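Descriptive analysis of the structure
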There are 2 protein chains.
Amino acid sequence: MSCGKRLAEQLHERGYRVTAQRTIILETIAHMEDHISAQQVYEGARERLPGLNLATVYRTVESLKGAGMINMLSTGGEPMRFSLCDPEHPHSHLVCRECGSIFEVEAEEIEAFARRVEEITSFRIDSVHLTLEGLCQICKQKQAAP
Amino acid sequence: MSCGKRLAEQLHERGYRVTAQRTIILETIAHMEDHISAQQVYEGARERLPGLNLATVYRTVESLKGAGMINMLSTGGEPMRFSLCDPEHPHSHLVCRECGSIFEVEAEEIEAFARRVEEITSFRIDSVHLTLEGLCQICKQKQAAP
DNA sequence: TAAGTTTATGCAAATCTTTGCAACTACGAA
DNA sequence: TTCGTAGTTGCAAAGATTTGCATAAACTTA
Ligand SMILES: [Mn+2]
Ligand SMILES: [Mn+2]
Ligand SMILES: [Zn+2]
Ligand SMILES: [Zn+2]
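Predicted model, so just to flag it, every value in this text is computed and none were measured.

1. As for the domain arrangement of chain A
Interface size is commonly expressed as the accessible surface area that is lost when the partners come together. Residue and element names in this part refer to chain A. For chain A, the assigned domains are domain 1 (1-85) and domain 2 (87-146). The gap between the C-alpha centroids of domain 1 and domain 2 is 23 Å. Listed per partner, the contact involves 8 residues of domain 1 and 8 residues of domain 2. Roughly 700 Å² of surface becomes buried between domain 1 and domain 2 when both sides are summed, with 61% attributable to carbon and sulfur atoms. Ranking the residues of domain 1 by area buried against domain 2 places His35, Asn71 and Leu73 at the top, with a combined share of 49%. Taken together, the links from domain 1 to domain 2 amount to 0 salt bridges. Here the side of domain 1 that touches domain 2 gets 3 residues from one element, more than from any other, and that element is strand E2 (residues 70-73). Here the residues of the side of domain 1 that touches domain 2 are counted per class, giving 3 nonpolar, 4 polar and 1 charged.

Below you can see the structure in the form of structure tokens.
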């Protein structure tokens, strides 16, 4: 089965309608290496669906997030970015507040932390795709030696 | 010493210039009970500084964040909100994706988690003021019984 | 397959946030 | 105190994101 077809099926299973827009937007995000902005999703998807509207991109990523199929990443200042959820490779993001670079970190501690919060609060935590801000190694060193 | 004066002093110590705008915006955030939006900061601060511009509010909260004096909280969909950092009471936020309500959670696990990430990555984590999304107890129960 | 119902989309307008630039101000040095 | 410089601000314009509404498409049921 094609990648797009499998993704569409997942969408359907989770109670979302399968539209051309959703399918193509999802594939566009899936096939990109990096985390991409709404504008980039729009440009990529519009090649296969010329009538597509940017507002639909925003509404769709909201739905895809709700379906647990994509992650949203907000890096200080810059526009929101999106990436496909990979259950095999859950991770969080570190964003350097100096140079803006993004690192991924797999930390099994995250899941434990989320479960602990659920215990304390009786909330049900959906997303543990965290974004932490700080200084990357390079910017940290630069700041140490002025 | 007045609350505003102490805050201004902290700002100065951290290498930021102390302007009327910054002082008043900081006090406005400090004196609000809840986390407030840029628009609310603007309206509050403008009572004491009529010429204030909304763009200055946005630039100022960015600076105050950089100085480690306020927290930013982005609740899915809604505009960004701000609150004063209280070193005595560090906490994270839980946002219900159904009803939008916000809960605070003090979890000593957060700090440990951040330090662990620093070990793994050689990043320096600044902010561990996390926002986790999920379902609050009420919305969780509603969803269980349809 | 043919409605009927519900949800999604496009479009345009509103809202929220960032930015370029010229005038202004804080603050350290003289 | 005065001056020089780098950092801030207001304003207007641009960029990003959300929303209301009429139309169109997806799914349900018959
Ligand atoms: Mn990622
Ligand atoms: Mn808080
Ligand atoms: Zn960096
Ligand atoms: Zn709720």
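2. Description of the protein's contact with DNA strand D
Taken together, 20 residues sit near DNA strand D, with A:Val18, A:Tyr58, B:Thr19, B:Thr56 and B:Arg59 positioned nearest. The contact atoms of DNA strand D, taken as those within 4 Å of the protein, divide so that sugar and phosphate hold 62%. A:Val18 is positioned such that a nitrogen or oxygen atom in its backbone is 2.7 Å from a phosphate oxygen of DNA strand D. With respect to DNA strand D, the side chain of B:Arg22 contributes an N or O atom lying 2.9 Å from a phosphate oxygen. Looking at the surface near DNA strand D, the elements that each hand over two or more residues are helix H4 (54-66) of chain A together with helix H2 (20-31) and helix H4 (54-66) of chain B. Broken down by element, the residue count for the surface near DNA strand D peaks at 4 residues, all from H4(A).

3. Let's talk about H4(B)
With 13 residues, H4(B) ought to run about 18 Å at 1.5 Å a step, and its terminal C-alpha atoms sit 19 Å apart, in line with that. Every buried residue of H4(B) is listed here: B:Val57, B:Thr60, B:Val61, B:Ser63, B:Leu64 and B:Lys65. Residues of H4(B) that are buried sit in contact with strand E7 (131-135) of chain A together with helix H1 (3-13), H2, helix H3 (38-46), strand E2 (70-73) and strand E3 (81-84) of chain B. Sitting at the head of H4(B), B:Asn53 places a side-chain oxygen 2.8 Å from the backbone nitrogen of B:Ala55. Count one or two residues on from H4(B) and you reach B:Gly68, which has phi positive near 70°.

4. Some details on the relation of the copies chain A and chain B
Turning chain A through 180° and shifting it by 0.0 Å along the axis lays it on chain B, with an RMSD of 0.1 Å. A rotation of that kind, with that shift, is consistent with a two-fold axis. With an isologous cut-off of 70% or more, the 100% of interface residues of chain A that recur at the interface of chain B puts this contact in the isologous class.

5. A few points about the interface of chain A and chain B
Chain A puts 31 residues into the contact, and the matching count from chain B is 31 residues. Run the count over chain A and chain B and you get 2 salt bridges. As a salt-bridge pair, A:Lys65 and B:Glu133 come within 3.6 Å of each other at their nearest N and O atoms. Counting across the chain A and chain B interface gives 6 residue pairs in polar contact (both at pLDDT 80 or more).

6. Re the pattern of salt bridges
Residues and elements named next belong to chain B. Scanning all chains against the criterion turns up 10 salt bridges over all chains. Of the charged contacts, one joins Arg48 and Glu27 as a salt bridge, the two residues approaching to 2.9 Å between their closest N and O atoms. Highlighted residues: Arg48 in the loop between H3 and H4 and Glu27 in helix H2, separated in sequence by 21 residues. Among the residues examined, Arg48 registers a relative accessible area of 49% and is labelled partly exposed. Close ionic contact of Glu119 with Arg116 constitutes a salt bridge, the shortest N to O distance being 3.5 Å.

7. Concerning the confidence of the model for chain A
Atom-level detail of predicted coordinates should not be read off regions where pLDDT is low. On average, chain A scores 88 in pLDDT, and the residues at 70 or more come to 96%. Put simply, helix H6 (residues 137-144) of chain A is where chain A has its lowest mean pLDDT, 80, and helix H3 (residues 38-46) of chain A is where it has its highest, 98.

8. Things to note about a negative patch on the surface
Among the surface-exposed residues, A:Glu33, A:Asp34, A:Glu104 and A:Glu106 lie close enough to one another that they form a single negatively charged patch. Positionally, A:Asp34 belongs in the loop between helix H2 (20-31) and strand E1 (36-37).

9. Considering the packing of aromatic side chains
Evaluated as defined, the whole model comprises 3 aromatic pairs over all chains. Geometrically, the ring pair formed by A:Phe123 and B:Phe103 is edge-to-face, given 5.5 Å between the ring centres and 70° between the ring planes. One end of the pair, A:Phe123, is in the loop between helix H5 (108-121) and strand E6 (124-127); the other, B:Phe103, is in strand E5 (residues 102-105), on a second chain. Residue classification places B:Phe103 among the partly exposed residues on the basis of a relative accessible area of 38%.

Conventions adopted
- Residues numbered from 1 in each chain as written.
- Chains lettered and ligands numbered in written order.
- Predicted model: local features only at pLDDT ≥ 70, side-chain atom pairs only at ≥ 80, totals over all residues.
- Heavy atoms only, no water.
- Domains from an automatic or database assignment.
- Contact = heavy atoms within 4.5 Å.
- Buried area = accessible area lost by both parts, 1.4 Å probe.
- Salt bridge = Lys/Arg side-chain N within 4 Å of Asp/Glu carboxyl O.
- Helix = DSSP H or I, 4+ residues; strand = E, 2+ residues; numbered from the N terminus.
- Nonpolar A, V, L, I, M, F, W, Y, C, P; charged D, E, K, R; others polar.
- Near = heavy atom within 4 Å.
- Polar contact = N/O pair within 3.5 Å; in protein donor to acceptor, adjacent residues only side chain to side chain.
- Expected span 1.5 Å × (residues − 1).
- Buried < 20%, exposed > 50% of the residue type's maximum accessible area, 1.4 Å probe, protein only.
- Least-squares fit on C-alpha atoms with pLDDT ≥ 70 in both.
- pLDDT = per-residue confidence, 0-100.
- Patch = residues over 30% accessible without salt bridge, like charges linked within 9 Å, V, L, I, M, F, W, Y side chains within 5 Å.
- Areas by Shrake-Rupley, 256 points an atom, 1.4 Å probe, with all protein chains shown as cover.
- Lys, Arg positive; Asp, Glu negative; His and termini not counted.
- Charge placed at Lys NZ, Arg CZ, Asp CG, Glu CD.
- Phe/Tyr/Trp six-rings, centres within 6.5 Å; stacked < 30°, edge-to-face > 60°.

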